[in-house]
Amino acid sequence: MTDTRRRVKLYALNADRQWDDRGTGHVSSSYVDRLKGISLLVRAESDGSLLLESKIQPDTAYQKQQDTLIVWSEGDNFDLALSFQEKAGCDEIWEKICQVQGKDPSVEITQDIVEESEDERFDEMSDSAPPIDLPPCELSRLEEINEVVSSCLTSPMRKEKLSVAIETEGYIRKLLNLFHMCEDLDNIEGLHYLYEVFKNIFLLNKNALFEVMFGDDSIFDVVGCLEYDPSSPTPKKHREYLKELARFKEVIPISNADLLAKIHQTYRVQYIQDVVLPTPSVFEDNMFSTLSSFIFFNKVEIVTLIQDDEKFLTELFGHLTDESTEESKRRDLVLFLKEFCNFSQNLQPQGKELFYKTLTSLGILSALEITLTSDDTQTKSASIDILTYIVEFNPSFVRDYTLQQANSTDEDQMLLNVLIDQMICDTDSELGGAVQLMGVLRILLDPENMMASLNKSEKTDFLNYFYKHSVNILIGPLLTNTLSDWPAKEDYQTVQLLGLILELLSFCVEHHTYHIKNCILSKDLLRRILVLMKSTHTFLVLCSLRFMRKIIALKDEFYNRYITKGNLFAPVIDAFIRNNGRYNLLDSAILEMFEFIKLDIKTLCIHVVENFSKVLDDIDYVQTFKSLKMRYDQHLDKLKDRDRPSLDSVPSILRNNRYRRDQRQLEEEEEMWFNEEEDFEEDSVVPGPDADILTKKLDSDLNSTLAKLVDKKNEANPSKLTTSPSKAMNNNMSMTNSVSSSPLNASPSDKFKKGLVDYEGDSDDEDEDDSNGDLLTPVHKRARLS
């Protein structure tokens, strides 16, 4: 049975002063030879790996909190905490810590807390503290030297004193002399000590020491010391790699000696950091910060020196765009340029702006038009990386360049079209280049990063350019693959490409309302995309559905009528039925779309219920379609309430003309009803204006005549009321029928013939029901009066 007393969670405090969970395991305390002292060990309960190996230092302040928590600082970089599952386990480890430090276990903290900060304490003590006395640099004293150096790493003050001592005594060069002696004598033990010494010197994080170690006369000896790792059975061969295997390709001769030396030094130091030095543990993430800074500033200096050399860059771009340049030479030039752009990422924003303006003025974009179409994989990949660097920093550089090409370059040679063409023609089975180019296109087409441009018309000009010259190329594969009712090609590479195109088009629907709408409606694009709902690849089906969902989310009535007119929900319903209620992402996505429609898109709600209720009524594992039908019924009820007259108000209406509703108000409400509820029919989008005006005019005249007749009879015989409204209306029935026989145009006199409304009869509307009577009566066919 697992011992839960020693079960702990290990936590480390991150840079944001938040506790990160480093894992769960079991803690123990034992003597560790390598650390030469009693240490706390935590091994992961999942695989037994070592999560923590921390020597109990005599001067470290350990604190016990809440009976199950022990907190302390590891060196000067990390605060650590052990959270115990049981109090008994916490007490056992606490007693061990107190025993090592000679403290009473009843205390809650083993050392006095100094209120002042570490920096203040260091400032006060650094001058008064004695300097570090380094042992004589002799072979017999190597073990002692190693102990002195390693013992100083636990205190910032002692690290500073040790750095000063090593620098002032020229100790590094003395140690390198010992290294040559040990190699000559094949003294493996001494070489192992020297490895530990130089590894710890790196941990001192002092730039002055790096300047000495990375000099041309000493860097290979330092690398040599780091070849003899005690944990490795045989020495590494880092020097052999740096001297013989790693060769510097000087694609363009560099005349500046300082620049050449700086390039060599940076490469070697980067190799030391990435390959030679051991990978820092979780407790040493910041141990090599100064080394990283050394490399950083070297790269900045290299970029500055190259940028200032106009002759060098002009020659480079000349060779790059020259048609006679050999492909291997062009590849080396592009790779150099990519590394050059990579180094520029270390520049400040102002420096980056100047850097990319310089490259643009020298013709980097015209050069990329050539290299992007190269058959060499490395050349093309590096070109995509360079273009990505430029666009991510400032997409306006590329937009301005493409707009300049609008009237002077053939469409197939325009940079934007070259980019799209390379995305479509990517031969990689995983479409790595296409994915990267799609990301570049998305940045270029994003209106959000056009708003801050100095060129206020950039957004309009560039989008006009794209939808005029480039969108047809982008959607070409999609249209080609959907010529029939089924996708033409279903291989993995094709469907991956179509998925990328749909993702970009969905982005355009969301951000380019006007331009993409014209494209979709003029090319019937949504219908073609919904052919992909029949794909055997579910992710492509989802991409098609997502495109339609983006359109519906806009709640644009033009889109809504386009969808209903084309019956474009049919492919979605078919896919939903084919899925057969399986609980998966497709099922959830379709249901979510109908839930959204149910909320407040009446046009689509009505269309779905009227055309698909027979199929959807059988689906009862969710309430979505019942709710959709309920919303539809509510629409019908509202229309009935709007058309049904109130009998109580009839006498007062007939008796006094002042209380009759204004005819203009009726006309406005009728017009609103048409705008909101009318289905989008192919031949008649809006009711004919002439018939409508004539009907309203006759209705108005009829109402006025009837009102006058009633008033005259009342005046003639005030003691008697005029005959009932129903009888009065029947006397004028022939006139009423001559005015309108259609319920849509029924006048108020028609509605009062009997005072009741019959909603059970068929409509007199001449429109036909597309579903042959199987579906509900369309909402726009209003109830006939009996």
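All values reported here derive from a predicted model rather than from experimental measurement.

J.: What am I meant to see in the side chain of H238 here?
T.: If you trace the backbone, H238 turns up in helix α9 (residues 238–245). One polar contact links H238 to Y271, side chain to side chain, over a distance of 3.1 Å. Discounting residues that sit within four places of it in the chain, H238 has contacts with V223, L226, E227, Y271, V275 and V276.

J.: Even after reading the chapter, I still don't get the pattern of salt bridges, so can you show me in this structure?
T.: Enumeration over the complete set of coordinates arrives at 25 salt bridges. R239 serves as the salt-bridge partner of E227, at 2.9 Å between the closest nitrogen and oxygen. Of this pair, E227 sits in the loop between α8 (219–225) and α9 while R239 sits in helix α9; the two residues are 12 residues apart in sequence, bridging distant segments of the chain. A relative accessible area of 5% places E227 in the buried class.

J.: What am I meant to see in empty space enclosed by the protein here?
T.: Over the atoms a probe the size of a water molecule is rolled, and this reveals where empty space is left. Taken as a whole and judged by the stated rule, the model has two cavities of 30 Å³ or more. Reported here for the largest cavity is a volume of approximately 40 Å³. If you go around the largest cavity, the residues you meet are V608, V609, S613, L616, D617, F625, L628 and K629. Contributions of two or more residues to the lining of the largest cavity are made by α29 (602–616) and α30 (624–643). Considering only residue class, the lining of the largest cavity consists of five nonpolar, one polar and two charged.

J.: Looking at this structure, how should I read helix α27 (residues 570–579)?
T.: In an α-helix, one full turn covers 3.6 residues, which means residues spaced three or four apart are oriented alike. Looking only at α27, the buried set comprises A570, V572, I573, A575, F576 and N579. Two residues or fewer after α27 comes N580, characterised by a positive phi angle close to 60 degrees.

J.: What's the story with the environment of L416 in this structure? I'm lost.
T.: Within the element layout of this structure, L416 appears in helix α18 (residues 415–424). Counting along the chain gives 17 residues from L416 to R399, while the straight-line C-alpha distance between them is 8.8 Å.

J.: Would you explain the nonpolar core in this entry?
T.: The nonpolar side chains of a soluble globular protein tend to be buried, and buried together. Ranked by size, the top nonpolar core spans 123 residues in total, and within it L505, I520, L526, I552, I563 and F569 carry the most contacts. Residue-level mapping places this core at the junction of two domains, with at least three residues from each of domain 2 (141–299) and domain 3 (555–641). A165, C225, V269 and L277 belong to the second largest nonpolar core, which has 48 residues in total.

About the criteria used
- Residues numbered from 1 in each chain as written.
- Predicted model: local features only at pLDDT ≥ 70, side-chain atom pairs only at ≥ 80, totals over all residues.
- Heavy atoms only, no water.
- Helix = DSSP H or I, 4+ residues; strand = E, 2+ residues; numbered from the N terminus.
- Polar contact = N/O pair within 3.5 Å; in protein donor to acceptor, adjacent residues only side chain to side chain.
- Contact = heavy atoms within 4.5 Å.
- Salt bridge = Lys/Arg side-chain N within 4 Å of Asp/Glu carboxyl O.
- Buried < 20%, exposed > 50% of the residue type's maximum accessible area, 1.4 Å probe, protein only.
- 1 Å grid on protein atoms, 1.4 Å probe; cavity = no way out; pocket = protein on both sides within 12 Å on 5 of 7 lines; lining within 4 Å.
- Points joined across faces, edges and corners; volume = space filled by probe spheres on them.
- Nonpolar A, V, L, I, M, F, W, Y, C, P; charged D, E, K, R; others polar.
- Core = buried A, V, L, I, M, F, W, Y, C linked by side-chain atoms within 4.5 Å.
- Domains from an automatic or database assignment.

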